[in-house]
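Given next are the chains, with one letter for each unit.
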Amino acid sequence: MQNIAFLLLRRLRSPLIVLICVYAISMLGFVLIPGMDDEGQPWKMDFFHAFYFVSFMGSTIGFGEIPYPFTDGQRMWATVTIYSSVVAWLYAIGSMLAIVQDPAFRTLHRQNGFRRSISRLSSPFYLICGYGETSSLLIRALSEAGIRSVVIESNQERLNTLELEDYPIPVPGLCADVSLPEILILGGIQHKNCVGCVALTDQDPINLKVALSSKLLNPSLKVIARAETEDAELNIASFGTDEIINPFATFAGRLALALHSPSMFVLFEWMTGVPHEPLCKPLYPPHGTWILCGYGRFGKAVHERLKAEGVSATIIEEKPEMTAAPQGTVVGRGTEASTLQEAGIEQAVGIVAGTDDDSNNLSIVMTARELNPNLFMVARKNSRANAAIFQAAQANLTMQRGSVIAHKIFAVITTPLLAEFLRLAIQQNNAWAETLIKRVSAIADDEAPQIWTVNINDEDAPAFNNAITNGSQPCIKELYIHPRYRDQSLPIFPLLLKRKNSETLLPDDDTLLEPDDQLLLCGQHDIRSQMGWVLNNDEVFHYIHTGEECAQGWLWQKFIDKKPCTKPARKTV
Amino acid sequence: MNLEKVVFAFFILLALTLNFGFFLGDIDVPDHHSVYELFAAIVVSLIATVLKFGDRTHLGALLLATSLVADLQLIMAAVVWAFAEHIIGTGTTPAVMAIIVSLSGGALLANITSVLLLIAETMTVRS
């Protein structure tokens, strides 16, 4: 606010001085020019009346001549001053309006508004740099989960779409150059509630700068950065960035996963699902030769993955020299039948339409279907706006880069343990994933399951913690026994148990819990609150652990002669 | 030499000198204190204030504050004068004059501070 006031005052210097001078000269004129009172005696206006007259003359003109009718000399001076004061006022008001319209002033005004809304944030929030498809998906997922975010984007047009987007929680946004540290500070990087910074601009150097500045300005921050090249990836990793995401490699990796171990792919999709997302169906892509249309950054990454999996692929690329396509590449766009036939579409089992143009991708899918209706079709969707036509095109698998990346970041942000689980899971085989999928679909409705972490400590699970310190030995199963019916279980099961240095995938139900265990649980959406009973309430825990309901009140204990629960010392705050 | 600096210093000094000129004389003798001089002092003081607008340095803020004090004191003096002359109608009795002149004396102090600050600032800048 201070800045605005200073800018306004500085710009208003000359109009104000002009105004003061015009007033002074006009007043002086009226005081010096002889007048006449109502009895014809010579009379001179004093400063008081001169100030009064000049004040209303400049703004209204038409109060009449006071206190006595003017002499001709006074009238002449009044004529001069009317014009000069009106011009001075117009100048002053005009300058003020010009300042308000001034881009610099408006930027300052917006920044002030942004700063205010940041300082008012009272819950943890993420600072997201760069607003595009990925960011918008991420912000939506975060706000569904009740986590706030703040956006800084250098392109005003993109930021306008942020304002039009209807998020459940308001998202403050600012149009500014995010590579400037002062903008990051303005965005709240040093705010006590800022928990992380996500650098998602489409330029590696800017992401690098953002990640570096965030780590320096607030070392405790969780920093996630996007990097397109391996070089940038290594550079960003060198100063302790928590998570680096290469959009092409991640996306291609996910696609390759879909092709060689479909169940694992489905598992990944489900685990990293955002709240209220419908579950995708398991897919069974055939084995054989694939056709890969487009050999850009994405195509290259896919090809590399396919090669590593031992899947042979024929490449179709429009400009093979520019993209350094390997030998045997068919030249063309892939949208024409002849190119596809040349690539051997009749013998192929599947096709990946992976160019960076949505219309071309759709055209490839349509043409390929006509030539070989049995093909397994994978289409790359670049823009979320085209979702409807992609759905109508009915490709077997439609993948969007932004959504894959957003889901991954969302998982990393909300449940850090999930990343560890996925790292371990990928080393398992497809059959393992298939059994797990069956377990998940048994508990989940048609929505993505919720994944969350429970720490066996005084804060997260006081009832369990107390019981363990008092010598009882609860097992994992007791976490999700129904709090009222002991013989029933809640639709929850454990994915990962992390204990000191060891990690157990899908731990046994009867595993005994130890203090400071970290458990990754998977359950139906919104079932988590039910589990809160046994985690927090000693009586409920006692009932679940032993099967007996204990007397809670003193009178009841006397009356029924029941033993009270082993009540440990209450947590003192 | 910088014309802007000349104008700036000119108005600040002029505000002081005009103020001093009005203040000079016996405190309760109306003949010693001209209304024109008070008017000029107010106008120049206002211009000096506007010239000080928008300087974000610490010294700039201090300069602006002294000017605002001087403005306030001088305008109070003018208001007292107009009140006595036109609203109560007692005219400039020695008692009223003493109030007006002492108010302008306060403004004089503020103006002196302002000039001292200006000199101090000039001394620190070696150019």
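What counts as what
Residues numbered from 1 in each chain as written. Chains lettered and ligands numbered in written order. Predicted model: local features only at pLDDT ≥ 70, side-chain atom pairs only at ≥ 80, totals over all residues. Helix = DSSP H or I, 4+ residues; strand = E, 2+ residues; numbered from the N terminus. Buried ≥ 20, exposed ≤ 12 C-beta atoms within 10 Å, placed from the backbone. Contact = placed C-beta atoms within 7 Å. Nonpolar A, V, L, I, M, F, W, Y, C, P; charged D, E, K, R; others polar. Pairing = 2+ DSSP bridges. Axes fitted to C-alpha atoms, helices over the stretch in contact; angles between N-to-C directions. Expected span 1.5 Å × (residues − 1). pLDDT = per-residue confidence, 0-100. Core = buried A, V, L, I, M, F, W, Y, C linked by C-beta atoms within 7 Å.

Regarding the overall build of chain B
Helix and strand content of chain B: four helices and zero strands. In chain B, the succession of helices and strands from N to C terminus is α-α-α-α. Within chain B, the fraction of its 127 residues that count as buried is 34%. Within chain B, contacts between residues separated by at least 24 positions form 69% of all contacts whose residues are at least 6 apart in sequence.

Structural notes on the overall build of chain A
Summing up its helical and strand segments, chain A has 24 helices and 18 strands in all. The buried share of chain A, taken over its 573 residues, is 38%. Nonlocal contacts in chain A, meaning residues at least 24 apart in sequence, comprise 66% of its contacts between residues at least 6 apart.

Points about unusual backbone geometry
Residues and elements named next belong to chain A. Backbone geometry places Q394, a non-glycine residue, at a positive phi of 55°. For Q394, the location among the structural elements is in the loop between α17 (387–393) and β14 (397–400). Residue classification places Q394 among the exposed residues on the basis of 11 C-beta atoms within 10 Å. Phi at L506 is positive, roughly 40°, even though this residue is not glycine.

Some thoughts on the interface of chain B and chain A
Listed per partner, the contact involves 13 residues of chain B and 11 residues of chain A. With seven residues, the single largest contributor to the side of chain B that touches chain A is helix α2 (residues 35–51) of chain B. Here the residues of the side of chain B that touches chain A sort into nine nonpolar, two polar and two charged.

Some remarks on the sheet that holds strand β16 (residues 492–499) of chain A
Residue and element names in this part refer to chain A. Spatially, the four strands line up as an open sheet ordered β15-β18-β16-β17, and their pairing is antiparallel. Only two strands of the sheet have a single partner each, and these edge strands are β15 (450–455) and β17 (502–505). For this sheet, the mean inter-axis angle between neighbouring strands, taken without regard to orientation, is 20°. Examined bridge by bridge, β16 and β17 share four bridges and lie antiparallel to one another. When the sheet's bridge partners are listed, R499 is paired in β17 with S502.

Description of helix α13 (residues 297–309) of chain A
All names here are of chain A. Taking 1.5 Å as the rise per residue, α13 with 13 residues should run 18 Å; its terminal C-alpha atoms sit 19 Å apart, in good agreement. All of the buried residues in α13 are F298, G299, K300, A301, V302, H303 and L306. Buried residues along α13 sit in contact with α11 (247–260), β9 (290–293), β10 (313–317), β12 (350–353) and β13 (376–381).

Digging into helix α16 (residues 358–371) of chain A
All names here are of chain A. Taking 1.5 Å of rise per residue, 14 residues should cover 20 Å, and α16 covers 20 Å from first to last C-alpha, within 8% of that figure. Where α16 is concerned, the buried positions are N360, N361, L362, I364, V365 and A368. On its buried face, α16 sits against β9, α15 (337–342), β12, β13 and α17.

Side note on the confidence of the model for chain A
Residue and element names in this part refer to chain A. Here chain A averages 84 in pLDDT, and 96% of its residues register 70 or above. Within chain A, the element-level pLDDT minimum falls on helix α24 (residues 554–560), averaging 70, and the maximum on helix α2 (residues 13–32), averaging 93. Across residues 568–573 the pLDDT falls below 50, and counting only partners more than four positions away or on other chains, this stretch makes five contacts in the model.

Section: the nonpolar core
Counting 130 residues, the largest nonpolar core has I128, C129, I351 and I409 of chain A as the members making the most contacts within it. Residues within four places of C129 of chain A in sequence aside, it is in contact with I152, V178, C197, V198, A199, L200, T201 and V210 of chain A. Counting 42 residues, the second largest nonpolar core, distinct from the first, contains A50 of chain A together with L38, A78 and I100 of chain B.

Observations regarding the pairing of strand β18 (residues 518–523) of chain A
Residue and element names in this part refer to chain A. In terms of residue burial, β18 counts as a mostly covered element, since five of its six residues are buried. By the bridge criterion, six bridges tie β15 to β18 in an arrangement that is antiparallel. The residue of β18 that forms the bridge with W452 is L521. Both β16 and β18 contribute to a ladder of six bridges, which runs antiparallel. Bridge assignment links K498 to a residue of β18, and that residue is Q518.

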